[in-house]
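Architecture and fold: a report
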Amino acid sequence: MEEGKGVVSMEKANGENGEGINKYACGCAAVAAMISIIFGYDTGVMSGAMIFIKEDLKVNDTQISVLAGILNVCALVGSLAAGRTSDFLGRRYTIVLASIMFLVGSVLMGYAPNYPILLTGRCTAGVGVGYALMIAPVYSAEISSPKSRGFITSLPELGISTGILTGYLANYFMAALPLKLGWRLMLGIAAVPSLGLAIGILKMPESPRWLVMRGRLGEAKRILLKVSNSKEEAQIRFRDIKLAAGIDEDCNEDSVKPPTSTGGGGVWKELLLRPTPAVRWMLLATIGIHFFEHATGIEAVMLFSPRILKKAGVTSKDKLLLGTIGVGLTKLTFMASSTLLIDRVGRRPLLLTSTAGMIAALTGLGIGLTIVENAKEKSLWALGLCFVSTYTFVAFFNIGVAPVTWVYPAEIFPLKLRAQGASIGVAVNRGTNAAISISFIPIYEAITIGGSFFMFAGISVVAWFFFYFLLPETKGKPMEEMEQLFTRGSRSNKSKNVGVEILLKRSNA
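Let us look at the structure shown here. (Residues numbered from 1 in each chain as written. Predicted model: local features only at pLDDT ≥ 70, side-chain atom pairs only at ≥ 80, totals over all residues. Heavy atoms only, no water.)

1. Details of the overall build of the protein chain
Basically, it comes down to this: In this description a helix means any DSSP run of H or I spanning at least four residues, a strand means any run of E spanning at least two, and both kinds are numbered starting from the N terminus. The cut-offs for exposure are 20% and 50% of the maximum accessible area for each residue type, with area from a 1.4 Å probe on protein chains only; residues under the lower value are buried, those over the upper are exposed, and the others partly exposed. Two residues qualify as a contact provided that any one of their heavy atoms is within 4.5 Å of a heavy atom in the partner residue. For every accessible area listed, the method is Shrake-Rupley and the probe measures 1.4 Å; residues are considered covered only by the protein chains on display.
In terms of helices and strands, the protein chain carries 24 helices and zero strands. Counting the 509 residues in the protein chain, one finds 59% classified as buried. Of the contacts made within the protein chain by residues no fewer than 6 positions apart, 83% connect residues no fewer than 24 positions apart. Per element, the accessible surface of the protein chain, about 19,000 Å² overall, is 64% carbon and sulfur.

2. What about unusual backbone geometry?
The phi torsion at Lys58 lies on the positive side, around 55 degrees, for a residue other than glycine. Within the fold, Lys58 resides in the loop between helix 3 (34–57) and helix 4 (61–89). Phi angles above zero are rare outside glycine, and Thr448 is one such case at about 75 degrees. Position of Thr448 among the secondary structure elements: in the loop between helix 21 (415–447) and helix 22 (449–470). Judged by its relative accessible area of 35%, Thr448 falls in the partly exposed class.

3. A look at the packing of helix 19 (residues 347–374) against helix 22
What counts here: Axis geometry follows a simple rule: fit a line to the C-alpha atoms, using only the stretch in contact for helices, then measure angles between N-to-C directions, giving values from 0 to 180 degrees. In these notes the angle categories are as follows: under 35 degrees is roughly parallel, over 145 is roughly antiparallel, 65 to 115 is roughly perpendicular, and the rest is oblique. Helix crossings fall into two classes, left-handed where the near helix is turned counterclockwise from the far one by less than a right angle and right-handed where it is turned clockwise. Polarity classes work like this: nonpolar for Ala, Val, Leu, Ile, Met, Phe, Trp, Tyr, Cys and Pro, charged for Asp, Glu, Lys and Arg, and polar for all others, with Gly in that last group.
Put simply, helix 19 and helix 22 touch, their axes get as near as 8 Å, and they point 165 degrees apart. With respect to helix 22, the axis of helix 19 lies roughly antiparallel. Regarding helix 19 and helix 22, the two cross each other, and that crossing is left-handed. Residue classes in the contact of helix 19 with helix 22 are distributed as 19 nonpolar, seven polar and two charged.

4. Section: a nonpolar patch on the surface
To keep it simple, the criterion reads: Within the patch definition used here, like charges are joined within 9 Å and nonpolar side chains (Val, Leu, Ile, Met, Phe, Trp, Tyr) within 5 Å, considering only residues with over 30% relative accessible area and no salt bridge. Think of a salt bridge as a Lys or Arg side-chain nitrogen and an Asp or Glu carboxyl oxygen that are within 4 Å of each other.
A contiguous nonpolar patch, built from Leu177, Leu181, Leu185, Ile189 and Val192 and spanning about 400 Å² of accessible area, is present on the exposed surface. Mapped onto the secondary structure, Leu185 falls in helix 9 (residues 179–188). On the basis of relative accessibility, which here comes to 34%, the residue Leu185 falls in the partly exposed class.

5. Quick notes on the nonpolar core
The line we're drawing: Joining through side-chain atoms within 4.5 Å is the link that ties buried Ala, Val, Leu, Ile, Met, Phe, Trp, Tyr and Cys residues into a set, and such a set is a nonpolar core.
Judged by nonpolar contacts, the single largest core of 138 residues is most densely connected at Ile53, Leu118, Trp183, Leu187, Phe453 and Phe467. Here this core gets 14 residues from one element, more than from any other, and that element is helix 6 (residues 115–143).

6. Let's talk about the pattern of salt bridges
Here the structure, examined in full by the defined rule, presents 13 salt bridges. Among the salt bridges present, the one from Asp87 reaches Arg91, with a minimum N-O distance of 2.9 Å. Like Asp87, the residue Arg91 is buried in the burial classification. A salt bridge links Arg216 to Glu219; the nearest nitrogen and oxygen atoms lie 2.9 Å apart. On the accessibility criterion, Arg216 (31% relative accessible area) is partly exposed. The class for Glu219 is partly exposed, based on a relative accessible area of 31%. Taken together, the salt bridges that share partners define one network made up of Asp87, Arg91, Glu142 and Arg418.

Structure representation (structure tokens):
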């Protein structure tokens, strides 16, 4: 901005001139979150469907473990491809592609006359999962303003929680159907919303940041006017995005030549081979938070909750499925609460409080399961401790670690690196998830089920220290200023730091 040009601060544009959350931006993020609901449903319904699949197809525990984990192995592949795909096709059409993959996967699983076809369908859906988990938070973050970014970007994670609970309810109500029909309907019905989303997503706007990156300034400006609470806010966001993309902030053309290549080669070099200190820190934070989300045991609790409850002394199928519904309801309730807190309290307080609660809950679950497993008679208090600890763990996980894991990486990377930086995080997330899904049964058979949760408690302690020392607060900060936040001693490197340049220009305005 030129000297003397009267420009209000982003804080004023977001707050005083525009009250609350922009409804249009929130609606767009809610539609994008539908892809997360479908993924959540697939995760939740599989936990109960595995009981019936094992009985119908006569498969063993190893095959069940592979069925549980293959989704995440394939999602790892999908997530690595998703970053470059979204930079090439755009954020919106990448969501369409993910929906089509879910559609094909659901049809194959619903048809599945045998285990190989069921596995093929699960793997196809898994590639869609990789795309969905990367693109939904990135799209949501890119259309939202700094003050509401945490809430809007956490909607996809809320969608996952909603989908998981829906999957648990489908398990319970479809369990009464004939064996050959029940689990197939549980898995195949996800094709219906997948088709609806693939069509409906075309009515949504493209990400204005992606449009600027492609040189389509006129379209980006029109969309920013819709997703901002005031004209002033839209103008400031537009100028900051142009500056971050390397375009003259005073350029008023509707279309310009893209300033830099968005191809994969250069981006991967900047991320992995020659990253700046700020980008290296962002990448470490992203990999760490995604790794610890699943290394602390949430997948073991969510996917194998019927098995955990059975070990705790619950034997009836109906009670097992009702117990998982309770887990899903707890997840959804606390996830919904976190979306209201994340922009008020901040990312760090939620993350640290959440992890501390998880440590206590995992320790309690380990104690309870160890007592139940070794007791000669049924111990009601130990059974109660298992139930309370399970629900407490799910509650604390979803009040902080769950939403922040997806909000944080989607908001910290520079524009050019954002999609592929986020895709690396999702790949780590899915890889860790797959490792836990496949190895949980062998681990608890080797060190006891109680011992496995003591292990998760120990990993959670390491996670708390990682979050405390390496994840700075991002609440309320424009995405174009993140490099300043992640650059130590950046005042001496102003010419290379886009965030510092934006701050200096504003202070001169």
